[in-house]
Structures are given as structure tokens and as C-alpha cells.
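Each chain is listed here by its residues.
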Amino acid sequence: MSHQKVHLFTFAVCGNFWLWCVVSDTSAMRKDTEIVIKLLRQKAQEEKEESGEEREEPDREQLFEKAEDTAAYFNSKFSLSSSSLPSPPTPEISSPVHSDPRNYMGAFPLRHVDFDVHAKEYDIFRVNEYSWSDHGYSLVNRYYRGAAPLLDEEFSLIYNMTDHSFSKCRNINTKPLRQAIWYYVHRLMGMLHDDYDYRNVNLLLNIPIKQFIKKVACHSELVTNADISNLGFEVQPYEKVHITLLVVEARRQAGLLYGLH
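The model shown is predicted, which means the values in this text are computed figures rather than measured ones.

Account for the overall build of the protein, naming residues and giving values.
Broken down by element type, the protein carries 10 helices and four strands. Counted from the first residue to the last, the protein has its helices and strands arranged as α-α-α-β-α-α-β-β-α-β-α-α-α-α. Counting only residues that meet the buried cut, the protein has 36% of its 261 residues in that class. Accessible surface computed for the protein: about 16,600 Å², of which carbon and sulfur atoms make up 55%.

Please give an account of the confidence of the model for the protein that cites residues and values.
The pLDDT averaged across the protein works out to 78; a share of 69% of its residues lies at or above 70. Note that residues 5-24 has pLDDT below 50 and, in this model, one contact with residues that lie over four places away or in other chains. When the criterion is pLDDT under 50, residues 72-97 qualifies, and its contacts beyond four places in sequence or with other chains add up to 33 contacts.

Before we move on, could you go through the packing of aromatic side chains and cite the residues and values that matter?
In the structure shown here, the tally under the stated rule is 10 aromatic pairs. Look at Phe-115 and Tyr-122: their rings are 4.9 Å apart centre to centre, the planes differ by 50°, and that puts the pair in the tilted class. When its relative accessible area of 16% is taken as the criterion, Phe-115 is described as buried. Summarising the aromatic geometry, the rings of Phe-125 and Tyr-130 are spaced 6.5 Å apart at their centres and angled 80° between planes, so their arrangement reads as edge-to-face. Residue Phe-125 shares its accessibility class with Tyr-130, and that shared class is buried. Put simply, the rings of Trp-132, Tyr-137, Phe-155, Tyr-159 and Trp-182 touch in pairs and so form one group of aromatic residues.

Let's hear about the pattern of salt bridges: which residues, and what values?
One pass over the full model with this rule turns up seven salt bridges. For the salt bridge of Lys-214 with Asp-114, the shortest nitrogen-to-oxygen distance reads 3.0 Å. Taken together, the positions of Lys-214 in helix H8 (residues 207-218) and Asp-114 in the loop between helix H3 (71-78) and strand S1 (125-126) put the pair 100 residues apart, joining distant regions of the chain. Judged by its relative accessible area of 0%, Lys-214 falls in the buried class. Arg-252 serves as the salt-bridge partner of Glu-154, at 2.7 Å between the closest nitrogen and oxygen. In this pair, Glu-154 sits in helix H5 (residues 147-160) while Arg-252 sits in helix H10 (residues 237-260), placing the two residues 98 residues apart along the sequence.

Give a description of H10 that names residues and reports values.
Look at H10: 35 Å from first C-alpha to last across 24 residues, which is about the 34 Å you get at 1.5 Å a residue. Where H10 is concerned, the buried positions are Glu-239, Lys-240, His-242, Ile-243, Leu-246, Val-247, Glu-249, Ala-250, Gln-253, Ala-254 and Leu-257.

Talk me through the side chain of His-186; I want residue IDs and the actual numbers.
Tracing the sequence through the fold places His-186 in helix H6 (residues 175-188). The contact partners of His-186, leaving out residues within four places of it in the chain, are Met-191, His-193, Ala-250, Gln-253 and Ala-254.

Got a sec to walk through unusual backbone geometry? Specific residues and values, please.
One non-glycine residue, His-164, adopts positive backbone phi at about 60°. Take His-164: it is sitting in the loop between H5 and strand S2 (165-166). We note that Ser-167 has phi near 60°; this positive angle belongs to a residue other than glycine. Along the chain, Ser-167 falls in the loop between S2 and strand S3 (169-170). When its relative accessible area of 5% is taken as the criterion, Ser-167 is described as buried.

Kindly report on helix H4 (residues 132-143), identifying the contributing residues and their values.
Here H4 has its buried residues at Trp-132, Gly-136, Val-140 and Asn-141. Mapping the buried residues of H4 onto a view down its axis gives an arc of 125°, with all of them on the same face. Every exposed residue of H4 that faces more than 90 degrees away from the buried side is listed here: Asp-134, Arg-142 and Tyr-143. The secondary structure elements touched by the buried residues of H4 are H5 and H10.

Run through the environment of Leu-203, naming residues and quoting values.
By the element assignment, Leu-203 lies in helix H7 (residues 199-204). By relative accessible area, which is 45% here, Leu-203 ends up partly exposed. Beyond its immediate sequence surroundings of up to four residues, Leu-203 is in contact with Leu-39 and Lys-43.

Conventions used here
- Residues numbered from 1 in each chain as written.
- Predicted model: local features only at pLDDT ≥ 70, side-chain atom pairs only at ≥ 80, totals over all residues.
- Heavy atoms only, no water.
- Helix = DSSP H or I, 4+ residues; strand = E, 2+ residues; numbered from the N terminus.
- Buried < 20%, exposed > 50% of the residue type's maximum accessible area, 1.4 Å probe, protein only.
- Areas by Shrake-Rupley, 256 points an atom, 1.4 Å probe, with all protein chains shown as cover.
- pLDDT = per-residue confidence, 0-100.
- Contact = heavy atoms within 4.5 Å.
- Phe/Tyr/Trp six-rings, centres within 6.5 Å; stacked < 30°, edge-to-face > 60°.
- Salt bridge = Lys/Arg side-chain N within 4 Å of Asp/Glu carboxyl O.
- Expected span 1.5 Å × (residues − 1).
- Arc of directions from axis to C-beta.

Right, dumping it as C-alpha cells:
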């Protein structure tokens, strides 16, 4: 076999393998999308049937712990151990104050550390004891009048925004999915909502979208076009934007609550 034929054969094999990977990923995303649509419809039906009925309360703290099941895979995939992350360079004193935001950081590297529900150094942040609507809003409004309504409007707008569609499916209630994204971000930050059933996180969010959410919330500097393309669901571009906004706003609210508390 000539060198030219070998090269052509190799190119054909590689091309077919790449095509198979793309088709497989697309097929998996389409399948997961269809599953979520069925689950959203099922939950809408369950809400109608169970209105007024008493339901057995699940162990929310146990489900809260199980909601984050991507830490080991995520950290190994992206090599995000504390020793592997580069430290930001110490800013030069002679540089203009406004030229580099690192001037305000000093020589203290800021790194994300996964929340450990079993840690003895800190506790789970219980939102029922300190929430944005009951505590954070009034505190911000007291010391920075006018800022709290703007923040509240932004949180509410992003959280509730919907055109009642998901992927190519119309007339569907996406609130359970939006809740799962929002509360999963809070889970990453160690914030427990006592009134939320964390089983929905693992039901509605597959591993790829959990990885994307965690990357945006905890390592936003590492997000690439490939992450956005392989979001985990077969959704429209504007839906990807909304998912990203949900993650960013949930992360912002979590940071605010920690600071205000």
C-alpha cells in the first residue's frame, strides 16, 4: 500500500470516528432532552393530582448531599486540585491603580474549594434561617437604599423568565428545571433549602449540564465554546443563554447571602 493510500485510509478512519462521536453525543443529548420533557410533563400532572394531598417528607439533608455527584469526575477531568491551579502574580506597586483588578487582591490566590457537607470547620447554610427575601433584602435596603429592589427584580426576572418551551417542545412548564438549576448552584455553595426536594436535581439535570453549571459557577474562567456546544441538552441558543444567566444569578445571590449573613 502506498504512503498516499495509507494517509487517505487514516484520514477516512479518523473522519468516521469523529463523525461517530458527534452523532453519539447528539443522540445522547436528544435522548436526555426527551427524558426531561417527559419528566416536566409528568411533574405538571402530579401537581394537579396531588394538590391538597399529604405527602411523605423525604430526608432533605441526605438528598442535599447526593445532589452534588460530579465533584470527583469534574476535578479529575479538569485537573482542578488546589496545587494545580496557578497563583495570580503579585501586582507591581508601580503600576497604575486602575489598570489591573489584581491590585486590589494582594498576594492572596482565590480558589474554589468544593463544599464538604461533613466538614467540621463550617456548617451548611440553611436558607430557611437566613434568606434573601426575609433578611438580605431588608439589610441591603437599610444601608444602600434603592439597590435591594434592583437586585430583587433581577433575581426574580431571571428565575421566572420563560416562554413555556423547552427545546422544540411548546406549552410546557419549565419551572421544575429552572428550580433544579438554581438550587443546584446553591448546593454547590453549601446552601440548603428545607422546602425543596433535591431528588429533582438528579432527575432533571444530567452529568454534562451539571458539569457546565459547576464550571460557570465555580470556574468561569475555564468555560469554552465547546462547553456551550455540549451543554447536555439539545436546546436553542437563547435557552443556553438563559441557563447561563440562571447559574450566574444563583451564584450571585449565594455570595450576597454569605456576605450579608
